[in-house]
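Structural overview for review
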Amino acid sequence: MWRRADLVIPCILKTPFSIASTSPPSPRLLVNRTLTTMDTMHHSSTFLLPTVPENQRPSLTYALVVLNHNLPRFTPLLWKHAQLRLCADGGANRVYDEMPLLFPQEDASVVRRRYKPDIIKGDLDSIRPEVHDFYTRLGTRIVDKTHDQDSTDLHKCIACIRDFAPVSDKSNLCILVAGALGGRFDHEMGNVNVICHFSSLRVILLSDDNLIHLLPRTHRHEIHIQASVEGPHCGLIPIGTPSKGSTTTGLRWDLNNTEMEFGGLVSTSNMVKGERVTVQSDCNLLWTISLKKLW
Ligand SMILES: Nc1ncnc2c1ncn2[C@@H]1O[C@H](COP(=O)(O)OP(=O)(O)OP(=O)(O)O)[C@@H](O)[C@H]1O
Ligand SMILES: Cc1ncc(C[n+]2csc(CCO)c2C)c(N)n1
């Protein structure tokens, strides 16, 4: 378990959801392997399920970052799955104002005390004084990085989580970002840029309607569709660099070593056919899938 007070990150179990290969192969094997097979990275949105079936228990350790945009209705679920909870600056106002709205039958101050962030981080120009005071009194660590006006508050939060996670835990760490989409376009693009910048970390951008994460070109990907909460609409977008060839299975419009580039062909308005999608590409792709309106 993460001890939140001193930010020691927990040791993480190994299950099918971790990256398959862990021990470094011999150089000869590596050459053969790059020519023939790639390690598989598994993806599954089990953090959106109220109870995760025994055989689907992920090995991932979740951290949650709440941004300063509409709190998705399923945020309490993400909060429950996460072992570390951060607010990016004005994200703290969202937790303070909007968590009580999700529990209309409960006293607002009881809800606010139940959902106490571990850390509030950013340039702190958006958090309101009464929200700052409220969480300071509850013992939240408030980290002011006012001097840095060149990186976004989300970037600062992800860097903070990365720097506190022990090296051995990084492949099992998954950062859920709530309120990342559907707002100001410059912020949305900044949020997408952050997942590209931290491409070796699992970072998932979430809103009520969508989920986005990166599929690094270093792996073959298996996406386990949680049909009760996500799909069918999906997309695969080459971000930054054109793809000379991407191949998929499990989509209504599969790619077959197909070239894609921004300004040319990108795969939007695609659909998942079943419970398993595979993707392999020579460049990093954004995966996006619609979320169902359940909450
Ligand atoms: N409308 C929005 N849509 C998507 N993400 C947002 C939106 N507003 C804020 N965010 C995210 O929440 C983080 C914290 O927001 P906050 O408003 O505190 O940032 P800020 O740096 O003060 O923004 P601004 O550009 O308005 O000065 C941002 O770094 C961004 O990632
Ligand atoms: C080229 C360039 N464009 C915009 C900004 C502004 N900016 C980017 S991130 C950030 C912090 C937001 O909390 C601010 C103010 C910059 N510094 N450099």
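All of these numbers come straight from a predicted model, not from anything done at the bench.

Some thoughts on the UniProt feature "domain: Thiamin pyrophosphokinase thiamin-binding" (unreviewed entry) in the chain
- UniProt records the feature "domain: Thiamin pyrophosphokinase thiamin-binding" (unreviewed entry) for residues 219-285 in the present numbering.
- Across residues 219-285 one finds 0% helix and 54% strand; the C-alpha atoms that close the span lie 11 Å apart.

Overview of the site of ligand 2
- The environment of ligand 2 is made up of Asp-123, Gln-149, Asp-150, Ser-151, Thr-152 and Asp-153.
- Between ligand 2 and Gln-149, the relevant distance is 2.7 Å, taken from a nitrogen atom to a main-chain nitrogen or oxygen of the residue.
- Residue Asp-150 places a side-chain N or O atom 2.8 Å away from a nitrogen atom belonging to ligand 2.
- Of the residues belonging to the shell around ligand 2, the class tally is no nonpolar, 3 polar and 3 charged.

Observations concerning helix 3 (residues 91-98)
- When you tally the buried positions in helix 3, you get 7 out of 8 residues, the bulk of the element.
- Every buried residue of helix 3 is listed here: Gly-91, Ala-92, Asn-93, Arg-94, Val-95, Tyr-96 and Glu-98.

A short note on the packing of aromatic side chains
- Considering all chains together, one arrives at 6 aromatic pairs under this definition.
- Measuring from centroid to centroid gives 6.2 Å for Tyr-96 and Tyr-135, while their planes differ by 85°, and the two rings are edge-to-face. One end of the pair, Tyr-96, is in helix 3; the other, Tyr-135, is in helix 5 (residues 129-138), and 39 residues separate them in sequence.
- The buried category is assigned to Tyr-96, whose relative accessible area is 14%.

Concerning the nonpolar core
- Phe-47, Leu-78, Leu-176, Leu-206, Leu-211 and Trp-287 are the most contacted members of the largest nonpolar core, which has 49 residues in total.
- Per element, the largest residue contribution to this core is 4 residues, and it comes from strand 15 (residues 285-291).
- The contact partners of Leu-211, leaving out residues within four places of it in the chain, are Ser-45, Phe-47, Leu-48, Ile-204, Leu-205, Leu-206, Glu-230, Trp-287, Thr-288, Ile-289 and Leu-291.
- Core analysis: the second largest hydrophobic core is formed by 30 residues, Ala-63, Leu-67, Ala-180 and Leu-214 among them.

Observations regarding the site of ligand 1
- Close contacts around ligand 1 come from 17 residues, with Asn-68, Asp-125, Ser-126, Arg-184 and Asn-191 the closest.
- A distance of 3.0 Å is found between an oxygen atom of ligand 1 and a backbone nitrogen or oxygen belonging to Gly-90.
- Taking Asp-125, its side chain carries an N or O atom lying 2.9 Å from an oxygen atom of ligand 1.
- Of all the secondary-structure elements, those providing two or more residues to the shell around ligand 1 are helix 6 (153-164) and helix 7 (185-197).
- A class-by-class count of the residues in the shell around ligand 1 yields 4 nonpolar, 9 polar and 4 charged.

Observations concerning the pattern of salt bridges
- Tallied over the full model, the rule gives 11 salt bridges.
- For Asp-163, the salt bridge identified is with Arg-162, shortest N-O distance 2.9 Å.
- For Asp-163, a relative accessible area of 54% puts it in the exposed group.
- Classification of Arg-162 by relative accessible area gives partly exposed; the value is 31%.
- Put simply, Asp-186 and Arg-184 hold a salt bridge, and the shortest N to O gap is 2.8 Å.
- Connected through salt bridges with shared partners, the residues Asp-97, Arg-128 and Glu-130 form a single ionic network.

Rules and cut-offs
Residues numbered from 1 in each chain as written. Chains lettered and ligands numbered in written order. Predicted model: local features only at pLDDT ≥ 70, side-chain atom pairs only at ≥ 80, totals over all residues. Heavy atoms only, no water. UniProt positions renumbered as here; feature names shortened; annotations may be inferred. Helix = DSSP H or I, 4+ residues; strand = E, 2+ residues; numbered from the N terminus. Near = heavy atom within 4 Å. Polar contact = N/O pair within 3.5 Å; in protein donor to acceptor, adjacent residues only side chain to side chain. Nonpolar A, V, L, I, M, F, W, Y, C, P; charged D, E, K, R; others polar. Buried < 20%, exposed > 50% of the residue type's maximum accessible area, 1.4 Å probe, protein only. Phe/Tyr/Trp six-rings, centres within 6.5 Å; stacked < 30°, edge-to-face > 60°. Core = buried A, V, L, I, M, F, W, Y, C linked by side-chain atoms within 4.5 Å. Contact = heavy atoms within 4.5 Å. Salt bridge = Lys/Arg side-chain N within 4 Å of Asp/Glu carboxyl O.

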